[in-house]
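One letter stands for each residue in the lines below.
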Amino acid sequence: MASVKIQGVTKAFGSAVVLETFDATFENGEFVTLLGPSGCGKTTMLRIIAGFEKPTAGSVSFDDKVVSGGKVFLPPEKRDIGMVFQSYAVWPHMTVYDNVAYPLQIKKVGKQTIKQKVDRVLAAVHLSQYAERIPSQLSGGQQQRVALARALVASPALLLLDEPLSNLDAKLRESMRFEIKEIQKDYGITVVYVTHDQTEAMAMSDRIVVINRGVIQQIGSPKEIYTNPSNPFVADFVGKIEFLEGTAKDGVIELDGCGQSLHYDGALRGRVLVGIRPEQLQFAEGGELHGTVKSHFYLGDVNDCRIDLGGGKEVRIIADPFESADVKAGMQVSLRVRGCHVYAMDEGAEDFRKILT
Ligand SMILES: Nc1ncnc2c1ncn2[C@@H]1O[C@H](COP(=O)(O)OP(=O)(O)O)[C@@H](O)[C@H]1O
Ligand SMILES: [Mg+2]
């Protein structure tokens with residue numbers, strides 16, 4: 001097993017800084033996900049951990065042994081890692097068995113040991129019965145599992161996965177999430193997983209590192225990130241949320257434009273950005289917010305509604321279909337607010353608001 005310590009890692013390509021003073025520690029056996037929009041620097045960070053890129057500044061250590069930093073640079077093959085990329089390159093002319101055995105063959109491992117290790121890993125990825133097939137006789141999901149088996153066969157201390165499920169269809173993606181977690185537990189390894197898919201990150205991770213434009217926004221468990229997002233970007237990127245602007249005073253936030261207000265017992269005063277998640281709202285008599293149902297989509301398991309608060313301000317509520325069976329467009333409703341996220345309108349929130357409007 002391996003812990004990974006990233007200290008002050010900065011990466012620039014020419015004058016473009018794509019990672020800025022990245023600090024994070026991943027524990028032994030932990031499943032950590034780097035999450036952020038396309039182009040935010042996830043793959044670059046993974047390639048730095050793997051040793052395919054050198055950091056411009058800062059260091060990376062495995063179990064307190066520096067692998068990149070200062071004058072030290074260990075090439076990928078000396079780092080005891082397994083890696084799977086989005087485009088899972090399996091060799092088309094080799095059988096599944098040979099694809100998986102290859103990393104051990106080039107290390108000159110004995111035939112008997114190779115067989116033991118390959119059999120174990122093929123069982124772990126549920127491909128034992130396909131050992132003699134060639135990749136074109138397998139589905140996309142099965143081919144991706146071959147790539148996973150090949151990355152795992154040498155029992156690496158660290159497994160790096162770069163959007164490994166993004167080429168699979170939705171159903172398969174869900175079952176593979178579960179399988180990757182099972183394999184991780186089985187092998188007891190540290191996994192650094194890269195995705196731009198927040199649901200995938202939520203479902204799989206012990207901790208998530210949320211990145212935007214090369215800068216870490218927040219590190220925390222899925223629950224911490226979701227229930228206590230450290231800034232509007234994180235709140236928006238992970239989960240659904242609608243933002244309203246307002247002014248925080250003693251005990252209340254007066255919302256702009258719609259003449260309505262929210263109860264508030266937080267410490268901020270002055271201009272604020274209020275984020276409300278659709279499940280934080282509930283149709284209820286005597287609720288704090290009042291409005292008109294603008295639209296609603298009955299999706300079977302939920303009723304997804306937009307409520308016009310007046311003055312062009314809107315919120316979204318994803319309601320229990322039993323509790324909202326009679327909701328119709330044009331109806332006057334009142335909403336209970338079961339929670340919200342309030343941010344000072346500082347420079348960051350101001351920038352974020354500009355993107356929204
Ligand atoms: N070898 C490179 N040369 C120049 N720019 C690069 C190189 N690799 C990545 N970049 C740039 O770094 C930024 C981050 O890229 P990347 O790490 O691939 O993002 P992500 O994986 O989050 O989509 C992007 O703007 C990308 O164009
Ligand atoms: Mg990438």
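Think of each chain on its own: its residues are numbered from 1, step by step along the sequence as written. Note on labels: chains are lettered from A, ligands numbered from 1, in written order. It should be noted that, the model being predicted, local features are given only for residues of pLDDT at least 70 and side-chain atom pairs only at 80 or more, the latter also being counted only at that level, while totals for whole chains, interfaces and linings use all residues.

**Quick word on the overall build of the protein**
- Per the secondary structure count, the protein includes 9 helices and 21 strands.
- Dimensions of the protein, computed from C-alpha atoms along their principal axes, come out at roughly 75 × 50 × 30 Å.
- In this description, a residue-residue contact is defined by the distance between C-beta atoms placed from the backbone, which must lie within 7 Å. In the protein, 65% of the contacts between residues at least 6 apart in sequence involve partners at least 24 apart. Only DSSP runs of H or I reaching four residues or more are called helices, and only runs of E reaching two or more are called strands; each is numbered from the N terminus.

**Some words on the packing of helix 2 (residues 96-105) against helix 3 (residues 111-124)**
- The interhelical angle for the contact between helix 2 and helix 3, taken along N-to-C directions, is 130°, at an axis separation of 10 Å. The angle between helix 2 and helix 3 falls in the class oblique. Of the two possible hands of crossing, helix 2 and helix 3 adopt the one that is right-handed. On the side of helix 2, the interface is formed by Y97, V100, A101, L104 and Q105, while helix 3 contributes I114, K117, V118, V121 and L122.
- Classifying every residue of the contact of helix 2 with helix 3 gives 8 nonpolar, 1 polar and 1 charged. Fitted lines through C-alpha atoms give the axes, limited to the stretch in contact for helices. The angle between two N-to-C directions lies from 0 to 180 degrees. Oblique is the label for any angle not covered by the other classes, which are roughly parallel (under 35 degrees), roughly antiparallel (over 145) and roughly perpendicular (65 to 115). Left-handed is the label given to a crossing in which the near helix is rotated counterclockwise from the far helix by less than a right angle, and right-handed is the label when the rotation is clockwise. Gly is put with the polar residues, along with every residue not named as nonpolar or charged; the nonpolar set is Ala, Val, Leu, Ile, Met, Phe, Trp, Tyr, Cys and Pro, and the charged set is Asp, Glu, Lys and Arg.

**Looking at the nonpolar core**
- Joining buried Ala, Val, Leu, Ile, Met, Phe, Trp, Tyr and Cys residues through C-beta atoms within 7 Å gives a set, and that set is a nonpolar core. Exposure classification rests on a simple neighbour count of other C-beta atoms within 10 Å of a residue's own: a residue reaching 20 or more is buried, one at 12 or fewer is exposed, and one in between is partly exposed. C-beta atoms are placed from the backbone. Core analysis: the biggest nonpolar cluster contains 91 residues, and V4, I49, V100, A149, L160, V192 and V210 have the highest contact counts within it.
- Sorting elements by how many residues they give to this core places helix 4 (residues 140-152) first, with 6 residues.
- An automatic or database domain assignment supplies the residue ranges for each domain. Both domains that furnish three or more residues to this core are identified here as domain 1 (4-232) and domain 2 (240-356).
- Filtering out sequence-adjacent residues up to four positions away, L160 remains in contact with L46, I49, A50, I81, M83 and V192.

**So, the site of ligand 1**
- Here, nearness is defined through the C-beta atom: a residue counts as near a molecule or strand if that backbone-placed atom lies within 6 Å of it. Taken together, F13, V18, G36, S38, G39, C40, G41, K42, T43 and T44 form the complete shell of residues around ligand 1.
- Here the shell around ligand 1 is built from residues that sort into 3 nonpolar, 6 polar and 1 charged.

**Quick notes on the environment of P103**
- Within the secondary structure layout, P103 lies in helix 2.
- Taking the number of C-beta atoms within 10 Å as the measure of exposure, P103 has 19 and is therefore partly exposed.
- Residues P103 and R150 lie 47 residues apart in sequence; the distance between their C-alpha atoms is 7.2 Å.

**Some words on the sheet that holds strand 2 (residues 16-26)**
- A strand pair is defined by DSSP finding two or more bridges across the two strands. In space, the 5 strands of this open sheet follow the order 2-1-4-5-6, with antiparallel pairing throughout. Every other strand in the sheet has two partners, leaving strand 2 and strand 6 (72-73) as the edge strands with one partner each.
- The sheet contact formed by strand 1 (residues 4-13) and strand 2 spans 7 bridges and is antiparallel. Residue pairing for strand 2: V4 is matched across the bridge by F26.

**Re the domain arrangement of the protein**
- Taken domain by domain, the protein consists of domain 1 (4-232) and domain 2 (240-356).
- Here the C-alpha centroids of domain 1 and domain 2 sit 39 Å apart.

**Examining the pairing of strand 11 (residues 215-220)**
- Taken together, the 5 bridges between strand 10 (residues 207-212) and strand 11 define a ladder with antiparallel strand orientation. Across the sheet, the residue bridging to I208 is G220, located in strand 11.
- The antiparallel hairpin formed by strand 10 and strand 11 contains 2 residues in its connecting segment, where R213 sits at a positive phi of about 45°.

**Comments concerning the environment of Q143**
- With respect to the secondary-structure elements, Q143 resides in helix 4.
- Between the alpha carbons of Q143 and H296 there is a distance of 41 Å; along the sequence they are 153 residues apart.

**A few points about the packing of helix 2 against helix 4**
- One can describe the packing of helix 2 onto helix 4 by two numbers: an axis separation of 7 Å at closest approach and a directional angle of 30°. Considering the angle they form, helix 2 stands roughly parallel to helix 4. You can see that helix 2 and helix 4 cross each other, and the crossing is right-handed. Facing helix 2, whose interface residues are V96, N99, V100, Y102 and P103, helix 4 presents V146, A149 and R150.

**A few points about the sheet that holds strand 17 (residues 289-298)**
- Taken in spatial order, the 5 strands make up an open sheet running 16-20-17-18-19, and their pairing is antiparallel. Because the sheet does not close on itself, it has two edges, and the strands there are strand 16 (281-283) and strand 19 (313-319). Strand-to-strand twist in this sheet, taken as the mean axis angle between neighbours without regard to direction, amounts to 45°.
- For strand 17 and strand 20 (residues 332-337), the ladder comprises 4 bridges, and the chain directions are antiparallel. By the bridge assignment, T292 is partnered in strand 20 with Q332.

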